[in-house]
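# Examining the three-dimensional arrangement
Here is how the chains run, residue by residue.
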Amino acid sequence: MEKRVRLRFAPSPTGGLHMGGVRTALFSYLFAKKHKGDFILRIEDTDQTRYVKGAEEYIIESLKWCGIEPNEGVGFGDGPHAPYRQSERKELGIYKKYADQLIASGHAYVAFDTSEELDAMRKRLEAAKVVAPQYNSVSRQNMRNSLTLSEDDVKKLMDAGTPYVIRLKVPRNEEIRFHDIIRGWVVVNSTQVDDKVLLKSDGMPTYHLAHIVDDIEMEISHAVRGEEWLPSAPSHVLIYRYLGMEDKMPLLAHLPLILKPDGNGKLSKRDKSGIPMFPLDWYDERTGEKYVGYRETGFFPEAFINMLAMLGWNPGTTQELFTLDELIAAFTFERVNKSGAKFDPEKTKWFNQQYLRMKPDAELAELFKPVLKENLSESHYSQLSTHYLQGVCKLVKEKAHFVSEFWEGGKYFFIAPTTFDADVIKKRWNEQSAGFIKEVTEAFKNLNTFTAAETEVTFKATAEKSGIGAGQVMQLFRVCLSGVGGGPMLFEMVELLGKEEVVKRLAFAIETIKN
Ligand code: GLU
């Protein structure tokens, strides 16, 4: 029988969830949903020294905002494999049980070395010009462990309560092969693999042991994680083998790095591209550092997710915009790149712009309201009609990336200009053009229906009558209405402002600019 598809997102609560972490969660989610499987949130909190308060809640809230919710795990309802926090799972004794099994079969051993002794070992190896000093099949022979000490000595040390760790006994010069869905076959010689600590002296498992035990117990079918875990994958393969559980090993997928915009190195949370690195605002209590989030910057979760999906994955077509359901349908690991994906801040904004344009004006108007409330008097705000608000959104969204830009880009829809773009005036204001503005004001006064089409026809006819090219006065006319030289479609704007307001503004402009 085919194994049920079950993927886990297994972050450590050591800080805010970086966008790279969200991408790992996203790809796991997409694959799980595509195969009608499960998506699980497991909290890997075995490193107590790196635990950060609030990080777990942050992870949960981020996944919710992104709309990629696990159907099992911490914060999302207990499934059949509760608890889902490793610190709680430790209490069940499962990690110790597996470690003991490895000792019993001769594939793990106990080591008593102090940190000073480990330091001294490293210095010795460095002095002997060993390229990558590590605790391994050679160096362990000179250390204090159950392989070098007599059984009696080991017992004595244990009885005396001497701190010890449990290490994996990696064989010398053996080929380790494993398959990665993204990278294909990977072959590593065991000489390059160190004797990883499996259980620490505080009784806590390390990541290496804990994630394997949990992936086995939780019946995980695919383990998706960052490329930084690729070097330790050979140790993991050995652990599965020595446990006699190679058949339970999930298929591995190591995602490519997300690179800085210039391709120079890994994107970091301190990147200065001006685009957030975290899904939500994040404040690190320990360091006092604050990071602004995608949500608070005004990104739509759909745009954020779409952008993330394209970082390292491509559909094999030119399609760039995907709903979550479309991503689920299109996603495969085969189309994830092996090489790093360059983060593009401009493209990230572009995604939001596309979603902004697709949003119904009614929804945008709701998002715009708080900004208007802040900038307008109460009586002014309360007079605004839904029709007018939605009309403004429809026009200003064409030139914006975020709703937060609507005010800057369209405040003249609410407040008539009192100053006028000096450059345009200097270039375009003269006796003839001023005459035209007067003429067109009069012509507008006589219109019964004040639509974009009608006002445009009138505008052009008046220009012709005045013997002036319509193109020559277009921008001047716009400046008279809005104060600024650029903006949305001109006659749409005229229609929305309405006859009375347009006539009033033109008259004011004529008087003001004249002086
Ligand atoms: N706790 C690990 C991390 O945060 C998880 C890696 C994995 O998914 O196996 O990177």
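Quick summary incoming for the structure in this document. Worth saying up front: this structure is predicted, and the values here are computed from it rather than measured.

### Brief notes about the sheet that holds strand 4 (residues 108-111)
Ordered by their spatial adjacency, 3 strands build an open sheet running 4-5-8, and the pairing between neighbours is antiparallel. Each end of this open sheet is capped by a strand with a single partner; those strands are strand 4 and strand 8 (197-199). The sheet shows a mean angle of 45° between the axes of neighbouring strands, direction not considered. When strand 4 meets strand 5 (residues 165-168), the two strands line up antiparallel, connected through 4 bridges. When the sheet's bridge partners are listed, V110 is paired in strand 5 with I166.

### Considerations on the packing of aromatic side chains
Scanning the model with the defined rule gives 27 aromatic pairs in all. Plain terms: the ring middles of Y29 and F39 are 5.7 Å apart, the flat faces sit at 85° to each other, and that makes the pair edge-to-face. Taken as a pair, Y29 in helix 1 (residues 19-34) and F39 in strand 2 (residues 38-41) lie far apart in primary sequence, 10 residues in all. Residue classification places F39 among the buried positions, given a relative accessible area of 0%. With a centroid separation of 6.0 Å and an interplanar angle of 65°, the aromatic rings of F368 and F414 are classed as edge-to-face. Note that F368 is positioned in helix 13 (residues 361-375) and F414 in the loop between helix 16 (406-410) and helix 17 (422-428), a separation of 46 residues in sequence. Summarising the burial analysis for this pair, F368 and F414 share the class buried. Each member of the aromatic cluster is reached from another via a ring pair, and the members are F27, F31, W313, F322, F331 and F333.

### Focus on the packing of helix 19 (residues 452-465) against helix 21 (residues 490-497)
Put simply, helix 19 and helix 21 touch, their axes get as near as 8 Å, and they point 115° apart. Handedness of the helix 19/helix 21 crossing: right-handed. Judged by residue contacts, A452, T455, E456 and F459 of helix 19 engage F491, E492, V494 and E495 from helix 21. The residue makeup of the contact of helix 19 with helix 21, split by class, is 4 nonpolar, 1 polar and 3 charged.

### Observations concerning the environment of K169
Mapped onto the elements of the fold, K169 is located in the loop between strand 5 and strand 6 (175-180). Of the residues examined, K169 reaches a relative accessible area of 30% and is grouped as partly exposed. Residues K169 and V110 lie 59 residues apart in sequence; the distance between their C-alpha atoms is 9.8 Å.

### Points about the pattern of salt bridges
Taken as a whole and assessed by the stated rule, the structure comprises 37 salt bridges. The shortest N-O distance in the salt bridge between R42 and E44 comes to 2.9 Å. In terms of burial, R42 and E44 fall into one category: buried. Residues joined in a network through salt bridges with shared partners are R8, R42, E44, R89, D214 and D215.

### Quick look at the site of the ligand
Neighbouring the ligand are the residues R8, A10, P11, S12, E44, Y207, V224, R225 and W229. The backbone of A10 places a nitrogen or oxygen atom 2.8 Å from a nitrogen atom of the ligand. Note that an oxygen atom of the ligand is positioned 2.4 Å from one of the side-chain N or O atoms of Y207. Here the ligand has 290 Å² of accessible area as a free molecule, and 83% of this is covered by the chains. For the shell around the ligand, the per-class residue count stands at 5 nonpolar, 1 polar and 3 charged.

### Notes on helix 5 (residues 115-127)
Since the α-helix packs 3.6 residues into each turn, any two residues three or four apart lie on the same face. Spanning 13 residues, helix 5 covers 18 Å between terminal C-alpha atoms, matching the ideal 18 Å at 1.5 Å per step. Phi turns positive one or two residues past the end of helix 5, at K129, with a value near 65°.

### Some thoughts on the packing of helix 4 (residues 94-104) against helix 8 (residues 233-243)
Direction vectors running N to C along helix 4 and helix 8 enclose 75°, while the axes themselves pass 10 Å from each other. With respect to helix 8, the element helix 4 is oriented roughly perpendicular. Residues Y98, Q101 and L102 of helix 4 pack against I239, Y242 and L243 of helix 8. Considering only residue class, the contact of helix 4 with helix 8 consists of 5 nonpolar, 1 polar and no charged.

Conventions we followed
- Residues numbered from 1 in each chain as written.
- Predicted model: local features only at pLDDT ≥ 70, side-chain atom pairs only at ≥ 80, totals over all residues.
- Heavy atoms only, no water.
- Pairing = 2+ DSSP bridges.
- Helix = DSSP H or I, 4+ residues; strand = E, 2+ residues; numbered from the N terminus.
- Axes fitted to C-alpha atoms, helices over the stretch in contact; angles between N-to-C directions.
- Phe/Tyr/Trp six-rings, centres within 6.5 Å; stacked < 30°, edge-to-face > 60°.
- Buried < 20%, exposed > 50% of the residue type's maximum accessible area, 1.4 Å probe, protein only.
- Left-handed = near helix turned anticlockwise from the far one by under 90°.
- Contact = heavy atoms within 4.5 Å.
- Nonpolar A, V, L, I, M, F, W, Y, C, P; charged D, E, K, R; others polar.
- Salt bridge = Lys/Arg side-chain N within 4 Å of Asp/Glu carboxyl O.
- Near = heavy atom within 4 Å.
- Polar contact = N/O pair within 3.5 Å; in protein donor to acceptor, adjacent residues only side chain to side chain.
- Areas by Shrake-Rupley, 256 points an atom, 1.4 Å probe, with all protein chains shown as cover.
- Expected span 1.5 Å × (residues − 1).
- Parallel < 35°, antiparallel > 145°, perpendicular 65-115°, else oblique.

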